[in-house]
Amino acid sequence: MVSTSAQPPPGPGTVRDLLPGRSLVVVTNREPYVHSTLIERPTGGLVAALDPVMQETGGLWVAWGSGEADFDVVDERGCVQVPPEAPRYTLRRLRLSRREVERFYHGYANQSLWPLFHMAMDKARFARRYWAAYQMVNHRFAETTFEMLGQNPVVWIHDYHLALCPRYLRELKPDLFIMQFWHIPWPAWDVYRMCPQSAELIEGLLANDLLGFHLPRHVANFMDCAAHELGAEVDRQQGFIRHGGRCTLVRAFPISIDVGAWGRIASSRDCERWMARLRRRLRLDDRQVCLGVDRLDYTKGILERLRAIELLLQRVPELRDRFVYVQKAAPSRTRILAYRQLQQQVEAEITRINAVYGTPHWQPIVYIPRPIPVVGMAALYRLADVCLVTSLQDGMNLVGKEFVASQQDERGVLVLSSLAGAIEASPWSIAINPYDTEGVAEAVRQALSMPEQERRQRMVQMRSHLARHDIYHWMEQSFRAAARLLDTQERTHWVFADLEPIRNAVAGRDHLAVLLDFDGTLAEIADRPDDVQLDPRLRGLLERLGHNPRVLVAVISGRTLEDIRRRVGLEHILYAGNHGLELAGPGWRVARDDAVEARGLVAACCDRLSLRLRDVRDALVENKGLSASVHFRLVPRGEIETVRRIVLEELGRVPPGRLEARQGKMVLEILPVLDWDKGRAARWLLEHALGDGWEARCTVVYAGDDSTDEDAFVALAGTGITVRVTQYPQPTAARYLVRTVGEVGRLLEALAGWMPAST
Ligand code: ADQ
């Protein structure tokens, strides 16, 4: 129960440098300091990593006060300054009743979510009372955090205990910056959908601005689940999920350990003394040592590992007496039956194997269930010839990393489960499948007999990779992503918070160009594209602006030219249809030749899609000539991914490089691959109507709500007033934000008022 690091991290300024002026609020289930008879530090990488950062930057940490004496030392607000010996930051303890701990922590968190996310459904229980307690305790975490917020906070929530906390916090403070890291795997939708509260959990997590997982695979699984469960709009390339007027950036940040601290501890004199003591006490002598270090958890594959060790002893009898397997175990979650049973089974197996294969002088397995200080752990890692990690599922697994960081002598071999996240960055370990008992036994044999040169080569590579990817690298990556998001949020302004800059820009030029997207910008989105109508008041404003000789008005839409013209119904303005592939004004009309050539391909693709999507309820294939749209707004949630898959499959049948799919709001747009988009179309229209040098004479206002409008925001970045229609701040190239179609109308009204028809 000791921290690995009392020293500040090598890059302690990360939070201060990357998030200047911000205060960090960490929210976790477990607390960094537990007051019981002694002051203890819970086992685990997270606390050891975050504590030095908090010590350096100050701030607030909200966590469940789980120690017997925790509330004897807090003030009237439930706070205590920590570390106790030299206080640097505030720990706010949350008191949970015994029933809450039983149902929330031992119940929903550890008997419902933990087995679900580790695909151990035989262990999962979904009692309603657990779920009710989970909701309640998440509420309490949110309320407590909210009450304690200071100036400019960044809230960083951790793990599966607190999936609903971001949503409740967002309800209390809509503009709060919230990020969360998920420490366990996120499974594929086919597994995840077994959770009775599948939609609610994702809804909770999508209240985060930034959501982190260990691996890109977990990110992809989460995105699939969000699309299936909520019909959320998922941008896999950029990593954004849009839902309910909000946007969440979802990224992989593989966690690591404090490599420097482990290195210092492992190279200390004290560690060498521990090595000698352990060698003696465990009667290792000069035998080869294979090591396992685990919490006693069924996901760690300990019984599976013991089977492989037994098989090894049977198949390679000459190893007997020359080899010891050391199992360092930490009893865990012992209030839960499955964990108590596991502990009994592990201990019974070890006793049996020792009885069958042991001799008066030698026991094949040494079992250490009691805690030892971290320097003793480093000594074990240094003593080991082989470290064996056999997780059946593991988000990352830090044990293998701690082994590598402690390998001062660079001679150990890591045998690592291919089902642990850590395998992704460990091509130099020996990968095993923990279910393949013979394979694991063979891998251990191979590791034990590996020539020294090869062992060293592998270990040097692993150590060099790990040194560059330590816990501070993880934290820096996370805060960098947060800083980029915050920058967008700070760079964008709500139009109606301050109209002056726009009024000044308009007043500064002779001409004004107003370019507008249609669906979701000029007209409210409806369930069916055919039901979308332009409000007569907005039509009146467009008409008034369009008749002003100093104002150019254009509507730029993904609809066909005919459709958009008919819906707007004004003769004297400009139009761009099919995302700008066809353009028209009073008395003229053009279409891009290369787009016209692709008509046949689009039509054939639409025919095949109509056929294949026939049985998907409410999937709508719209052939728009130069492009096509596959609408899924009304498609049942569970079938949206099927639509997406079918569209991608059909595009795969088209000659490469001819057609591509782009995600819109509940629609997939199929477009010819051309060097053309709404941005280029906007610039073309401006030049066509106003001639060369239009930038100097004209203020451009472009408003849109769709991802396809982002091209226009980029194209007009230097010259225009770009406005994204969105309920909440989200990453966008636009400078300004409005919330609704109604606010677009207010903006048009203001523009019309500032531009009298004659000067
Ligand atoms: P855990 O499931 O707890 O963590 P792990 O990543 O292996 O698993 O790390 C646990 C920590 O506890 C390590 O620092 C290890 O040294 C320590 N530990 C484990 N057994 C011990 C023992 N017997 N004695 C002493 N110390 C012991 C969850 C996820 C992981 C993810 C981490 C961090 O399940 O996949 O890597 O969070 O995100």
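It should be emphasised that the depicted structure is a prediction, and the values quoted were computed from it without experimental measurement.

How each quantity is defined
Residues numbered from 1 in each chain as written. Predicted model: local features only at pLDDT ≥ 70, side-chain atom pairs only at ≥ 80, totals over all residues. Heavy atoms only, no water. Near = heavy atom within 4 Å. Polar contact = N/O pair within 3.5 Å; in protein donor to acceptor, adjacent residues only side chain to side chain. Areas by Shrake-Rupley, 256 points an atom, 1.4 Å probe, with all protein chains shown as cover. Helix = DSSP H or I, 4+ residues; strand = E, 2+ residues; numbered from the N terminus. Nonpolar A, V, L, I, M, F, W, Y, C, P; charged D, E, K, R; others polar. Buried < 20%, exposed > 50% of the residue type's maximum accessible area, 1.4 Å probe, protein only. Contact = heavy atoms within 4.5 Å. 1 Å grid on protein atoms, 1.4 Å probe; cavity = no way out; pocket = protein on both sides within 12 Å on 5 of 7 lines; lining within 4 Å. Points joined across faces, edges and corners; volume = space filled by probe spheres on them. Domains from an automatic or database assignment. Pairing = 2+ DSSP bridges. Axes fitted to C-alpha atoms, helices over the stretch in contact; angles between N-to-C directions. Buried area = accessible area lost by both parts, 1.4 Å probe. Phe/Tyr/Trp six-rings, centres within 6.5 Å; stacked < 30°, edge-to-face > 60°. Lys NZ or Arg CZ within 6 Å of the ring centre and 35° of its normal. Left-handed = near helix turned anticlockwise from the far one by under 90°.

### Describing the site of the ligand
Near the ligand you find 23 residues, and of these His-183, Arg-295, Asp-394, Met-396 and Glu-402 are the closest. Taking Asn-397, its main chain carries an N or O atom lying 2.9 Å from an oxygen atom of the ligand. Protein chains shield 88% of the accessible area of the ligand, which is 710 Å² for the free molecule. Secondary structure elements with two or more residues in the shell around the ligand: strand E13 (288–295), strand E14 (323–330), helix H13 (374–383) and helix H14 (399–406). Looking at side-chain class alone, the shell around the ligand contains ten nonpolar, seven polar and six charged residues.

### Details of helix H5 (residues 165–172)
Within the sequence span of H5, burial applies to Cys-165, Pro-166, Tyr-168, Leu-169 and Arg-170. Here the buried face of H5 lies against helix H4 (128–148), strand E7 (153–158), strand E8 (177–181), helix H7 (198–205) and strand E12 (246–252).

### Here we look at the environment of Ala-69
On the secondary structure map, Ala-69 appears in the loop between strand E4 (60–64) and strand E5 (79–82). Classification of Ala-69 by relative accessible area gives buried; the value is 17%. Put simply, Ala-69 and Thr-37 are 32 residues apart on the chain and 7.1 Å apart in space, counted from C-alpha to C-alpha. In this structure, Ala-69 is in contact with His-35 and Ser-36, ignoring residues within four places of it in sequence.

### Some details on the side chain of Asn-221
Mapping Asn-221 onto the fold places it in helix H8 (residues 216–230). We classify Asn-221 as buried; its relative accessible area is 14%. In terms of polar contacts, Asn-221 uses its side chain to reach the backbone carbonyl oxygen of Trp-186, at 2.8 Å. Here Asn-221 is in contact with Trp-186, Pro-187 and Ala-188, once residues within four sequence places are set aside.

### A word on empty space enclosed by the protein
Scanning the model with the defined rule gives three cavities of 30 Å³ or more in all. Here the largest cavity is characterised by a volume of approximately 390 Å³. Around the largest cavity, the lining is made up of 27 residues, and of these Asp-519, His-631, Lys-665, Val-667 and Glu-669 lie nearest the centre. Elements represented by at least two residues in the lining of the largest cavity include exactly strand E26 (628–631) and strand E28 (667–672). Per-class residue counts for the lining of the largest cavity are seven nonpolar, six polar and 14 charged. Per-domain counts for the lining of the largest cavity show at least three residues from each of domain 3 (491–592 + 676–754) and domain 4 (596–672). Considered as a void within the structure, the second largest cavity measures approximately 50 Å³ in volume. If you go around the second largest cavity, the residues you meet are Asp-209, Cys-247, Thr-248, Leu-249, Leu-485, Thr-488, Gln-489, Pro-729, Gln-730 and Pro-731. Sorting the residues of the lining of the second largest cavity by element identifies E12 and helix H17 (471–491) as the ones contributing at least two each. Tallied by class, residues from the lining of the second largest cavity come to five nonpolar, four polar and one charged.

### Some remarks on unusual backbone geometry
Note the cis peptide between Val-82 and Pro-83, where omega equals -10°. We note that Arg-283 has phi near 55°; this positive angle belongs to a residue other than glycine. Turning to its location among the elements, Arg-283 is positioned in the loop between helix H10 (269–281) and E13. Judged by relative accessible area, which is 51%, Arg-283 ranks as exposed.

### A word on the sheet that holds strand E15 (residues 365–368)
Ordered in space as E15-E14-E13-E16-E17-E18, the six strands form an open sheet in which the pairing is parallel. Since the sheet does not close on itself, it has two edges, and those belong to E15 and strand E18 (430–432), each with one partner. With direction set aside, neighbouring strand axes in the sheet form an average angle of 20°. Direction of pairing for E13 relative to strand E16 (residues 386–389): parallel, over a ladder of two bridges. When the bridges of E16 are listed, Cys-290 appears paired with Val-386.

### Side note on the sheet that holds strand E23 (residues 582–585)
Adjacent strands of a sheet form backbone hydrogen bonds with each other and so pair up, either parallel or antiparallel. Judged by pairing direction, the sheet is mixed, and its nine strands sit side by side in the order E19-E31-E30-E29-E20-E21-E22-E23-E24 without closing on themselves. Since the sheet does not close on itself, it has two edges, and those belong to strand E19 (493–494) and strand E24 (588–591), each with one partner. Contacts from helix H24 (residues 678–690) reach strand E20 (511–516), strand E21 (551–556), strand E22 (574–577), E23, E24 and strand E29 (698–704), with the element oriented near 150° to E21.

### So, the domain arrangement of the protein
Under the domain assignment, the protein is made up of domain 1 (13–252), domain 2 (259–469), domain 3 (491–592 + 676–754) and domain 4 (596–672). The centre of domain 1, based on its C-alpha atoms, is set 38 Å off from the matching centre of domain 4. Between domain 1 and domain 4, the residue contacts involve twelve residues of the former and nine residues of the latter. Summed over both sides, the interface between domain 1 and domain 4 buries roughly 840 Å², with carbon and sulfur atoms accounting for 50% of that surface. Taken together, domain 1 and domain 4 are joined by zero residue pairs in polar contact (both at pLDDT 80 or more). Taken together, the elements giving at least two residues each to the side of domain 1 that touches domain 4 come down to H8 and strand E10 (233–235). For the side of domain 1 that touches domain 4, the element with the highest residue contribution is H8, accounting for five residues. Counted by class, the side of domain 1 that touches domain 4 contains six nonpolar, two polar and four charged residues.

### Re the packing of aromatic side chains
Two numbers describe a pair of aromatic rings. These are the distance of the centres and the angle of the planes. Counted by the stated rule, this structure contains 24 aromatic pairs. An aromatic cluster is built from Phe-117, Trp-182, Trp-186, Tyr-192, Phe-213 and Phe-222, whose rings are joined through pairwise contacts. Between Arg-277 and the ring centre of Trp-274, over which it is positioned, the NZ or CZ distance is 4.7 Å. Just above the ring of Trp-676 sits the side chain of Arg-592; from NZ or CZ to the centre is 4.5 Å.

### Some points on the packing of helix H22 (residues 599–612) against helix H23 (residues 640–653)
With their axes 10 Å apart at the nearest point, H22 and H23 run at an angle of 145° to one another. The handedness of the crossing between H22 and H23 comes out as right-handed. Side by side, H22 and H23 meet where Cys-605, Arg-608, Leu-609 and Arg-612 of the first sit next to Arg-645, Ile-646, Val-647, Glu-649, Glu-650, Leu-651 and Arg-653 of the second. In terms of residue class, the contact of H22 with H23 is built from five nonpolar, no polar and six charged.

### Notes on the environment of Asp-285
When you line up the elements, Asp-285 lands in the loop between H10 and E13. A residue is classified by how much of its surface remains accessible, and Asp-285, at 46% relative accessible area, is partly exposed. C-alpha separation for the pair Asp-285 and Arg-322, spaced 37 residues apart in sequence, amounts to 9.4 Å. Among the polar contacts listed, one links the side chain of Asp-285 to the side chain of Arg-287, at a separation of 3.4 Å.

### Quick look at the packing of H7 against H8
Following both chains from N to C, one finds H7 and H8 inclined at 120°, their axes separated by 10 Å at the closest point. Along this stretch, H7 crosses H8, giving a crossing that reads as left-handed. Judged by residue contacts, Ser-198, Ala-199, Ile-202, Glu-203 and Leu-205 of H7 engage Phe-222, Cys-225, Ala-226, Glu-229 and Leu-230 from H8. Of the residues that constitute the contact of H7 with H8, the class distribution is seven nonpolar, one polar and two charged.

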